[in-house]
Amino acid sequence: MLSTEYYVNCNLKPTEITIYPWLYEHEPEIAKKYPETDGKWMQFYHKSQLNVMWDLAKTKYRAGQLEEIAFMKVSTGYYKPCASSSDDGVILLYCGPSHDEENIMKYGASNTSLPIPFVKNGCLPIIGHLIPFLKDKSKFIFECQRSYGSRFFIELFSQRMIFLLDPNDWSPVIRNPNLSLPVKDFGTKTFGISRGFLDDEPIMNEIHRYFKLYLQSTESLDFLTARFSKCVRDVMIQDRARIGCHVWHPYSLLELSHRMIFEASGRTLFGDINPLLLEKEFLLFDKKFHYFASLLPDFIYSLFLRREMDARSNMTAYFNAHPHSDNESELVYHRAKRILEAESRQPNDLGASQTSIFWASVGNTIPATFWSLFYILRDPHALQKINEEICTHLPPFSFSDPNDKSFEFWTSGNIAKCVYLESAINEVLRIKGTPMVSRKCYQDTQISLADGTMIPVRENDMVSLFPEVMHSDPNYFPEPEIYKFDRFLGKTTDTIKGFLTFGSGKTICPGRHFAKNEIKICTALILQNIDYEFLETNMNISCVKNRVGFGIAPPDCDIPIRYRYKE
Ligand code: HEM
């Protein structure tokens, strides 16, 4: 049958052969498993994609992953009226007897179902692309984009991960009801919430509703914002008493951001607890958070992350033991109450669920505050503009008068009047916002992309958007590598194409307004009350690479500063 030996199992690219003959891929061991295979499945690809798709098909065929396919061939010179353009080439898969059309369709379609290229670089047997993906997501995805364009897919273990980097392709993903944020997987793997509880749909829907009600309504947001301002002031009062007034205190910028946010945010949401009791545990868990959130097989956690698992258990135990506290926020109160009433609840579910909110409320705001201070405090023009508007709209606190109520004026409305601050923070979220907005497929579906390409998505596939690529695209954000504090002046980020730091759709971050207020409040209070100096001029820092993909990654090293309280 195969007389043209030269073209069998060779490394020629299909586009190197512009006229007949075919290139064949034929492994006798595989072919003999499927003796009756004169049926053909034809798959047409544009020539720009053909080499990549042929490589993908060969890799899978050689690894025995093409079910029921005996052998295959490819050509650019084969004319067929059913090709969509004369620039199409064709891959033929031989499967099933020619009279059995149903099976030919079944095997052919399932084996060639993705009309986008598979990434070859860094793919290992069994684990797929896990290593380059975990090591440095940004680098890996940018490299894939350079080689394959804005659409491609990879494999993590046996799970396919489809990347769509062009914002024109995002809305069909976000709107597709069969694709959702894998909240249950995060809940169990990352925080140890029981699966049975997460499967309790009525409870989950209700708890989800609380996010909207108690984090986003104007009334709740104002309450949280004013309370957070007061809590930061309390932290500053203690700090000032500890280090004294006028005395320069050596410190570092990430530590300062952590100090301002951690305790204040914990108290704002959870009331009169002492968040500092959880600090050691939080830091340990947070440092390895990317492993927990990468949804790895269970044995990896128990083998390699024992200490972090223990830290997480300690936080869970703390919240289990403190179901309610005085002055807790409505969100925490209603969540705890509803969880305690749930019949599907396992003993640790309350603590584990509260730990998840605790992490969500500080895990990204601390690094975001660091980056805001890092950029704003070093930009004299930004400082001048922001200082002026803070003076106008946000009254300073008294450190000595216990009845001082000025924090009541630190409402969302007044904070929103600081338009330069708003723009400066949005610019931080653009330049350092590196979430991976991932949706898991819960039922076979297809997505119709902007140019009409249909992508069939199978149950358990992931579809991922990676906004960092757009955030650094000069077509969307001119001179993207430069921090421009006034870039977003007069713009609302909700309507800016390609800006997706807080995700999108039904599961868009419900804490985003509160988070931005927290960052603004810390920045404003530091400007009002603290003198600071950077102790190093070499500011060449970047993000912790393996934390990219989960919101805002912390810096890979801290910045030494010294600070003192003003009169
Ligand atoms: C700068 C700070 C923050 C960033 C960058 C951030 C980012 C994100 C992102 C990217 C998502 C996933 C959205 C999606 O896939 O569509 C998310 C979800 C979530 N965030 Fe945030 N977040 C921040 C602060 C907060 C705060 C302060 C809270 C709570 C007080 C919070 C609570 C949540 C919750 C509960 C979810 C899950 C939503 C759901 O299950 O529907 N986040 N966040």
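Analysis parameters
Residues numbered from 1 in each chain as written. Predicted model: local features only at pLDDT ≥ 70, side-chain atom pairs only at ≥ 80, totals over all residues. Heavy atoms only, no water. Disulfide = S-S within 2.5 Å. Buried < 20%, exposed > 50% of the residue type's maximum accessible area, 1.4 Å probe, protein only. Helix = DSSP H or I, 4+ residues; strand = E, 2+ residues; numbered from the N terminus. Arc of directions from axis to C-beta. Contact = heavy atoms within 4.5 Å. Salt bridge = Lys/Arg side-chain N within 4 Å of Asp/Glu carboxyl O. Pairing = 2+ DSSP bridges. Axes fitted to C-alpha atoms, helices over the stretch in contact; angles between N-to-C directions. Donors = N, O, S within 2.8 Å, 3.2 Å for Na, K, Ca; no water.

Participant: Can you walk me through the state of the cysteines in this structure?
Facilitator: As used here, a disulfide is simply a covalent bond connecting the sulfur atoms of two cysteines. In the structure shown here, the tally under the stated rule is zero disulfides. Of all cysteine sulfurs, the one in Cys231 lies closest to Cys522, which takes part in no disulfide; the gap is 11 Å.

Participant: I would appreciate a short explanation of helix 12 (residues 279–287) in the present structure.
Facilitator: It helps to recall that an α-helix has 3.6 residues per turn; residues three or four apart then point in one direction. Where helix 12 is concerned, the buried positions are Glu281, Phe282, Phe285 and Asp286. The arc enclosing the buried residues of helix 12, seen along the axis, measures out at 120°, which places them on a common side. Counted as exposed and oriented over 90 degrees from the buried face of helix 12: Lys280 and Lys287.

Participant: In this structure, what is going on with the environment of Met309? I would like to understand it.
Facilitator: For Met309, the location among the structural elements is in helix 15 (residues 306–321). Overall, Met309 belongs to the buried group, its relative accessible area being 18%. For Met309 and Phe285, which are 24 residues apart along the polypeptide, the C-alpha to C-alpha distance reads 7.5 Å. Dropping the residues within four chain positions of it, Met309 is found in contact with Phe292 and Tyr301.

Participant: What is the right way to read the pattern of salt bridges from this model?
Facilitator: Once their charged atoms are close, side chains differing in charge can pair, the charge on each being opposite to the other. Evaluation of the coordinates by the stated rule reveals 32 salt bridges. For Arg151, the salt bridge is made with Asp451, and the minimal N-O distance between the two is 3.2 Å. Within this pair, whereas Arg151 is found in strand 5 (residues 151–156), its partner Asp451 is found in the loop between strand 10 (445–448) and strand 11 (454–457), the two being separated by 300 residues in sequence. For Arg151, a relative accessible area of 16% corresponds to the buried category. We note a salt bridge from Arg267 to Glu263, for which the minimum N-O separation is 3.2 Å.

Participant: Sorry if this is basic, but what is going on with the sheet that holds strand 8 (residues 249–252) here?
Facilitator: Whenever strands of a sheet pair, they do so through backbone hydrogen bonds, lying parallel or antiparallel. Ordered by their spatial adjacency, three strands build an open sheet running 8-14-13, and the pairing between neighbours is antiparallel. Since the sheet does not close on itself, it has two edges, and those belong to strand 8 and strand 13 (530–534), each with one partner. When the angles between neighbouring strand axes are averaged without regard to direction, this sheet yields 35°. Where strand 13 and strand 14 (residues 560–565) come together, five bridges link them in antiparallel fashion.

Participant: Help me understand the coordination of the iron atom of the ligand in this model?
Facilitator: Angles at a metal have ideal values that depend on geometry: 109.5 degrees with four tetrahedral donors, 90 or 180 degrees with six octahedral donors. Looking at the iron atom of the ligand, one finds just one donor atom contributed by the protein, Cys509 (SG), at 2.3 Å. With respect to the helices, strands and loops of the structure, Cys509 is situated in the loop between helix 22 (468–471) and helix 23 (512–529).

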